[in-house]
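Here is what each chain is made of, one letter per residue.
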Amino acid sequence: MSDNIHSGVGFLGMASGDSDFSSRPSSARIYDALLGGNHNFAADREAAQNLLAAIPLAGDMARANRAFLHRAVQYMLDRGVRQFLDVGSGIPTVGNVHEIAQRRIPDARVIYVDIDPVAVAHSNDILKDNPWAAAIQADMRFPEAVLEHPSVRRLIDVNEPIGLLLVAMLHFVPEDDAYQAVDALRSALPPGSYVVISHGVLDTPADAKEQEITALYRRTDVSAARGRTREQILRFFGDAEIVEPGLVWVHEWPGGGNGDPAGMAVVAAVAQV
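Scoring rules and cut-offs
- Residues numbered from 1 in each chain as written.
- Predicted model: local features only at pLDDT ≥ 70, side-chain atom pairs only at ≥ 80, totals over all residues.
- Heavy atoms only, no water.
- Helix = DSSP H or I, 4+ residues; strand = E, 2+ residues; numbered from the N terminus.
- Buried < 20%, exposed > 50% of the residue type's maximum accessible area, 1.4 Å probe, protein only.
- Contact = heavy atoms within 4.5 Å.
- Areas by Shrake-Rupley, 256 points an atom, 1.4 Å probe, with all protein chains shown as cover.
- Axes fitted to C-alpha atoms, helices over the stretch in contact; angles between N-to-C directions.
- Left-handed = near helix turned anticlockwise from the far one by under 90°.
- Nonpolar A, V, L, I, M, F, W, Y, C, P; charged D, E, K, R; others polar.
- Phe/Tyr/Trp six-rings, centres within 6.5 Å; stacked < 30°, edge-to-face > 60°.
- Lys NZ or Arg CZ within 6 Å of the ring centre and 35° of its normal.
- Core = buried A, V, L, I, M, F, W, Y, C linked by side-chain atoms within 4.5 Å.

> I'm lost on the overall build of the protein chain in this one. Help?
Within the protein chain one finds 13 helices and eight strands. Counting the 273 residues in the protein chain, one finds 54% classified as buried. In the protein chain, of all internal contacts separated by at least 6 residues, the share reaching a separation of at least 24 is 72%. Of the roughly 11,800 Å² of accessible surface on the protein chain, a fraction of 51% belongs to carbon and sulfur atoms.

> Just checking my understanding: could you explain the packing of helix H5 (residues 58–78) against helix H6 (residues 97–104) for this structure?
For any two helices packed against each other, one specifies the inter-axial angle together with the distance between the axes. Between H5 and H6, whose axes approach to 10 Å, the crossing angle comes to 35°. At the point where H5 passes H6, the crossing takes the right-handed sense. For the pair formed by H5 and H6, the contact residues are Leu69, His70, Val73, Gln74, Leu77 and Asp78 on the first element and Val97, Ile100, Ala101 and Arg104 on the second. The residue inventory of the contact of H5 with H6, partitioned by class, reads six nonpolar, two polar and two charged.

> For this particular structure, what's the right way to read the packing of aromatic side chains?
Where two aromatic rings form a pair, the distance of their centres and the angle of their planes describe that pair. According to the stated counting rule, one finds four aromatic pairs in the structure shown. Ring geometry for Phe68 against Trp253: centres 5.6 Å apart, planes inclined by 80°, an arrangement best described as edge-to-face. Here the residue Phe68 occupies a position in helix H5, and Trp253 occupies one in the loop between strand S7 (248–249) and helix H13 (261–264), the gap between them amounting to 185 residues. Among the residues examined, Phe68 registers a relative accessible area of 0% and is labelled buried. Its relative accessible area of 2% is what places Trp253 among the buried residues. With a centroid separation of 4.4 Å and an interplanar angle of 25°, the aromatic rings of Tyr179 and Phe236 are classed as stacked. Of this pair, Tyr179 sits in helix H10 (residues 175–187) while Phe236 is found in the loop between helix H12 (230–235) and strand S6 (241–242), placing the two residues 57 residues apart along the sequence. Residue Tyr179 shares its accessibility class with Phe236, and that shared class is buried. Aromatic rings pair up to connect Phe68, Tyr75, Tyr194 and Trp253 into one cluster. The ring of Tyr179 carries the charged tip of Arg235 above its face, separated from the ring centre by 3.8 Å.

> Is there a simple way to think about the nonpolar core in this case?
Side chains that are nonpolar tend, in soluble globular proteins, to be buried together. If you look at the biggest cluster of nonpolar residues, it comprises 36 residues, and the most contacted ones within it are Ile111, Met140 and Leu166. Elements with a minimum of two residues in this core: strand S1 (83–87), strand S2 (109–114), strand S3 (133–137), helix H9 (150–155), strand S4 (163–167), H10, strand S5 (194–200) and strand S8 (266–272). If one sorts the elements of this core by residue count, H10 sits on top with five residues. Setting aside its immediate chain neighbours within four residues, Ile111 contacts Phe84, Leu85, Asp86, Ala134, Ile136, Ser151, Val152, Leu155 and Ile156.

Okay, structure coming up:
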């Protein structure tokens, strides 16, 4: 893989050695590296290797999350959802939400939201000829900035069902900020919308391994990675009705494959508002 971010360096107007972007790992680019993508820097790949050393199945978890995202989008399309808000979308790789949705519904509308300017800039470069999709840079801890963004107001019809995707990102958001932000985003959804969440789960008390992972992510663009218990994860859905089979291991959500549940350490669910 190149130390440049694929074709994104030029339109960002920065050199490949820009320390603000290339020397500090990004959670979005680490995820891309775990997926085998090429939109990452050397520092991101090193962080991904450190993560794999701590959790050998981290790559499997990343791929299972991606596969869950695909299945959840297909599920919502089957139920008439035609617009999607993907918060914490990360670096664009093969099989993004707009690719899945627009393959079936050419004018399906997609907004990607991420805090990483590189992820957003590269996304918008990919989407420049796509009138039905856009990426915005925003911090989900300030949901009003997301909901009132001009691109969101242009593409998302608040009177029609929306698919809110929060896949593999809430474990990077501190406790109070996370619940308040998700409550605000969920409350803004019209009836018939869906909330999709996958999240690192704590089935046992925090141990030295979790502390090692937290320390690794403290060196990135996010404060830390933190798992939550199943009860804490279910709180994000509020009074939305969780569809069958409920909160399950990410690879076990309908249509998924086999895997080691304990090794995955990630659970997922979909709920209708």
